[in-house]
Amino acid sequence: MTQDSDALRYHSQGRPGKIEVVWTKPVASQLDLSKAYSPGVAAPCREIAADPDKVDLYTARRNLVAVVTNGTAVLGLGNIGPRAAKPVMEGKAVLFKRFADIDVFDLELDELDPDRLVEIVSALEPTFGGINLEDIRAPDCFVVERALRARMGIPVFHDDQHGTAIISAAALRNAAELQEKRLDELIVTCVGAGAAATSCMQMWVRLGVKRENITLLDVGGVLHIERPDLDEFRREFARPKTDPRRTLAEAVVDADVLIGLSVGNLVTPAMLKTMAKRPIVFALANPDPEIGYQDALAARPDAIVATGRSDFPNQVNNVLGFPYIFRGALDVGARTISEEMKVAAAEAIAELAREDVSDEVLRAYGRSRMRFGRDYIIPKPFDNRVLYWVAPAVARAAQESGVARYPIDIDAYRERLVRRISPTRRVLWNILEMARSAPKRIVYPESENDSILRAAHRVLEERIAQPILLGPPERIREQAARLGVDLTGATLIDPRESELLDGYVDALWQKRQRKGMTRLGAQKELRRSRVVFGMMMVELGDADGIVAGARQDYPATIRPALQIIGVRPGVRRAAGMYMVVTKLGVRFMADTTINIQPDAQTLAEIAILAAETVLELGLEPRVAMLSFSNFGDAPHPESQKVADAVAIVKARWPELMIDGEMQANVALDEEARAPYPFSKLKGNANVLIFPNLDAGNAAYKLLAATGDADVVGPIVMGVKKPVNVLQQGANVDSIVHMTAITVARALRLGGQAKESLSDLHKLSSERPPDSIVPR
């Protein structure tokens, strides 16, 4: 399967797996190493020996979680063993780090005996600040967690149970309010009786649902007291002898809530029609819910429906819970995760859904409006605010329930969390979500390129865009088959045979006839160059954007873009910008591809274009205009040019945070900027404008070559319609990211260009400076 081959390539390319261990202290010199190891390491060892609690002061333990499994109940794969479970556990580690900056060691244990498992894990307490149990079969998972919680003095959390319980409880609280139903009056039918189901029902009881109003079902039908196969954990939800119901269809009748935690397609529309008025349906099996979202609403238009899928409203996703619950627990040194902490997490998630949705979230999901209601009962997984809503609520509950070792000021803690996880670290994910909200038609002229075809498949699979591939369709299909790539849903067009060709010839000739092009020349150009054909598709509205350049040099791609599509009104020159993603955040660098020796006017225009683009991508721009000089301390025409550009931008866009001229270290380090307290730049700059193409081009290529950064681009700025140029030899991930950026820009370029750009043009009648692309 193509999806499998893509996943295998993802996991095996470069360094195998998804995680690595990195040092957090200087290790550049012998002196550094003597502190990190012998003899310097003896000092913290002695301190910890005298006071064991100091292990959290001198080591990484307090921010380190073990993700532990024996591989007996892995996702939808079942009992596949510990080695096969390792990719899943590494993925869990990625989520912990990605969402809450928590470090993880994944531990896959070759042990089936629950008692032995408890012995092994409990012996790890000196190493870890918390234990996340994962994918352990029932009922072993209950036994193991209960024993570990009793024996260990650190948080132990089985996410398969409690994660879903917490998130579904938040969704239930809000859905019940919207449907005007009291929690203590709800009649609940739960399809599934495993770890997640029983934990959900226990959590719902704590919220106020009455235990006697809950009915659980498994493959044997309704759990009732006469069944001989019930363990102690399921028996507490068994129905009495007097309840005659035994089948799913019978159990659904008159229920206010149906929650599915089993397998797909078990529930029929006819069953939903027998539920009470204004029902609540949580079909949480993944990837196929117990009943499809659209089918559920078609059967019961008065229902509130949630699933575990990201492509429908109301996704119940555990990632809203476990990273933030552990964050709050670790930061107060919690001895356990108490029931009060779980309830606090659920209530915080529920409350956040009632808040006004931030502009950042709206941009990430490509929505102009999102508010608490039937289609929004729970926050989105990429809502940055979840961190500083849930973690402080959990920390407060830990303190109030008496399980916190280190009391903290909750308000100050919330502020630290806001600073700790910068939105810039989520920029690529936000761009992808924005693209998925409204996929656009993106044309790829280089369909003979293997990476383009693989990227087109990914784009289709992830619903990022609607690919248009140019070239002979039969040849494209043959190559896709050879690669194992499914292009179902893509549009294939042979420019030489297309019915669009004649109209494009006339349009191109009209556009370029006073630039030396004849009609015959226009016809030859369109038949010869798929890039030109693709640009005409975008110009005439047959495509929404274009991604090209994988097999030809930059000027050969950008030149037809400027000749056919052109720059926006008031813009004198296009410019190129790279997005550089590091572990410290995201930086945008311009101009890196087009303008060789820009004057002050052009530098100002580049800065404004870059700031606008960064705003479009969901970030606040903090712009630094770079030079070898700091605020006039090295007078020279080149540094004065940069200072003049800063003045022009400030005059045109007073609200923009921009300053310069300054050296790169001053832009990126507040301490280095301390001698210049008058600077308007607050925090580290995230947009770096270089004084010329030499500097910008060399800087991004140095970063790319060191391997310490992901470099995405170049993003073409100033063109009227979305055009982006790939680096030659771009890999699949880069093409997918560039596609998402192109779609995001297509969504945003409907408005008028910023007025300041037109004003800039009026400031100078000089011919724009040289670029690598002739006019």
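In case you missed it, the structure is sitting above this.
Heads up: these notes are all about the structure in this document. These numbers come from a predicted model, not from an experiment.

### Regarding the overall build of the protein chain
Looking only at helices and strands, the protein chain features 31 helices and 21 strands. At 29 Å, the protein chain has a C-alpha radius of gyration in line with the 28 Å of a compact globule built from 775 residues. Expressed as lengths along the three principal axes of its C-alpha atoms, the size of the protein chain is roughly 90 × 70 × 50 Å. Put simply, the protein chain has 775 residues, and 55% of those count as buried. Across the protein chain, contacts joining residues at least 24 apart in sequence account for 72% of those joining residues at least 6 apart.

### As for the sheet that holds strand β1 (residues 64-69)
Ordered by their spatial adjacency, 4 strands build an open sheet running β2-β1-β3-β4, and the pairing between neighbours is parallel. In the strand order of this sheet, the two ends are held by β2 (103-108) and β4 (156-158), each with one partner. Shown here is a sheet whose adjacent strand axes are inclined to one another by a mean of 20 degrees, direction ignored. Two strands pair when backbone bridges link them, and β1 and β2 are joined in this way by 6 bridges, in the parallel orientation. Bridge assignment links T69 to a residue of β2, and that residue is E108.

### Observations concerning the pairing of strand β15 (residues 575-582)
Most of β15 sits out of view: 7 of its 8 residues are buried. In terms of strand pairing, β15 meets strand β20 (residues 710-717) through 6 bridges, oriented antiparallel. Counted as the bridge partner of G576 is V716 from β20. The pairing of β15 with strand β16 (residues 585-590) spans 6 bridges and is classified as antiparallel. Pairing of V581 across the sheet is with V586, part of β16.

### Considering the pattern of salt bridges
Summed over all chains, the structure comprises 49 salt bridges. Notably, a salt bridge pairs D184 with R182, separated by 2.6 Å at the nearest N-O pair. In this structure, the salt-bridge partner of R482 is D450, at a minimum N-O distance of 3.3 Å. A residue pair is termed long-range when its members are at least 10 positions apart, and R482 in helix α21 (residues 473-483) and D450 in helix α20 (residues 450-461) qualify at 32 residues.

### Looking at the sheet that holds strand β5 (residues 188-191)
Strands sit in the order β7-β6-β5-β8-β9-β10 across an open sheet of 6 strands; the sheet is mixed. In the strand order of this sheet, the two ends are held by β7 (221-222) and β10 (304-307), each with one partner. Its contacts with the sheet put helix α8 (residues 159-178) on β8 (257-260), β9 (280-283) and β10, and the angle it makes with β9 is roughly 155 degrees.

### A few points about empty space enclosed by the protein
The full count for this structure, using the stated rule, is 2 cavities of 30 Å³ or more. The volume enclosed by the largest cavity comes to roughly 80 Å³. Surrounding the largest cavity, D56, R61, R62, G129, I154, P155, A329, L330, G333, A334 and R405 form its lining. Here the residues of the lining of the largest cavity are counted per class, giving 5 nonpolar, 2 polar and 4 charged. In this structure, the second largest cavity encloses a volume near 40 Å³. Taken together, S447, E448, P472, R475, I476, Q479 and R530 form the lining of the second largest cavity. The leading source of residues in the lining of the second largest cavity is α21, at 3 residues. Partitioning the lining of the second largest cavity into residue classes produces 2 nonpolar, 2 polar and 3 charged.

### Notes on helix α24 (residues 530-539)
For α24, the buried fraction is high: 9 of the 10 residues fall into the buried class. Along α24, the residues that are buried comprise V531, V532, F533, G534, M535, M536, M537, V538 and E539. By the N-cap criterion, in which a side-chain oxygen at the helix start approaches the backbone nitrogen of a residue two or three places on, α24 is capped by S529, the distance to V531 being 3.4 Å. Following α24 by one or two positions, G541 has its phi on the positive side, about 85 degrees.

### Section: unusual backbone geometry
Excluding glycine, a negative phi dihedral is what most residues carry, and trans is how most peptide bonds are arranged. Residue P139 is reached from A138 by a cis peptide bond, and omega for that bond is 5 degrees. At the junction of N286 and P287, the peptide bond is cis and its omega measures out at 5 degrees in the coordinates. Tracing the backbone through its elements, the reader meets P287 in the loop between β9 and α13 (293-299). In the Ramachandran plot, D101 falls in the positive-phi region, its phi being about 55 degrees despite a non-glycine side chain. Examined against the element boundaries, D101 turns out to sit in the loop between α5 (82-100) and β2. For D101, a relative accessible area of 16% gives the class buried. With a phi close to 65 degrees, D254 is a non-glycine residue in the positive phi region. By the secondary structure assignment, D254 is in the loop between α11 (248-252) and β8.

### A short note on the pairing of strand β11 (residues 440-444)
As judged from the 5 bridges shared by β11 and strand β12 (residues 465-470), these two strands associate in the parallel manner. What sits directly across from V443, in β12, is I468. Regarding topology, α20 serves as the crossover connection from β11 to the parallel β12, and that connection is right-handed. Where β11 lies against strand β14 (residues 545-548), 2 bridges are found, and the strand directions are parallel. Within β14, the position partnered with V443 by the bridge is I546.

### Looking at the nonpolar core
Core analysis: the biggest nonpolar cluster contains 93 residues, and M201, W204 and F282 have the highest contact counts within it. For this core, the element with the highest residue contribution is helix α15 (residues 339-354), accounting for 10 residues. Apart from residues no more than four positions distant in its own chain, W204 is found in contact with A165, S168, A169, L172, V188, V209, V257, I259 and F282. In this structure, M434, I452, A590 and V736 belong to the second largest nonpolar core, which totals 70 residues.

Rules of the game
- Residues numbered from 1 in each chain as written.
- Predicted model: local features only at pLDDT ≥ 70, side-chain atom pairs only at ≥ 80, totals over all residues.
- Heavy atoms only, no water.
- Helix = DSSP H or I, 4+ residues; strand = E, 2+ residues; numbered from the N terminus.
- Rg over C-alpha atoms; globule rule 2.2 N^0.38 Å.
- Buried < 20%, exposed > 50% of the residue type's maximum accessible area, 1.4 Å probe, protein only.
- Contact = heavy atoms within 4.5 Å.
- Pairing = 2+ DSSP bridges.
- Axes fitted to C-alpha atoms, helices over the stretch in contact; angles between N-to-C directions.
- Salt bridge = Lys/Arg side-chain N within 4 Å of Asp/Glu carboxyl O.
- 1 Å grid on protein atoms, 1.4 Å probe; cavity = no way out; pocket = protein on both sides within 12 Å on 5 of 7 lines; lining within 4 Å.
- Points joined across faces, edges and corners; volume = space filled by probe spheres on them.
- Nonpolar A, V, L, I, M, F, W, Y, C, P; charged D, E, K, R; others polar.
- Polar contact = N/O pair within 3.5 Å; in protein donor to acceptor, adjacent residues only side chain to side chain.
- Right-handed = clockwise from strand over helix to strand, strands pointing away.
- Core = buried A, V, L, I, M, F, W, Y, C linked by side-chain atoms within 4.5 Å.

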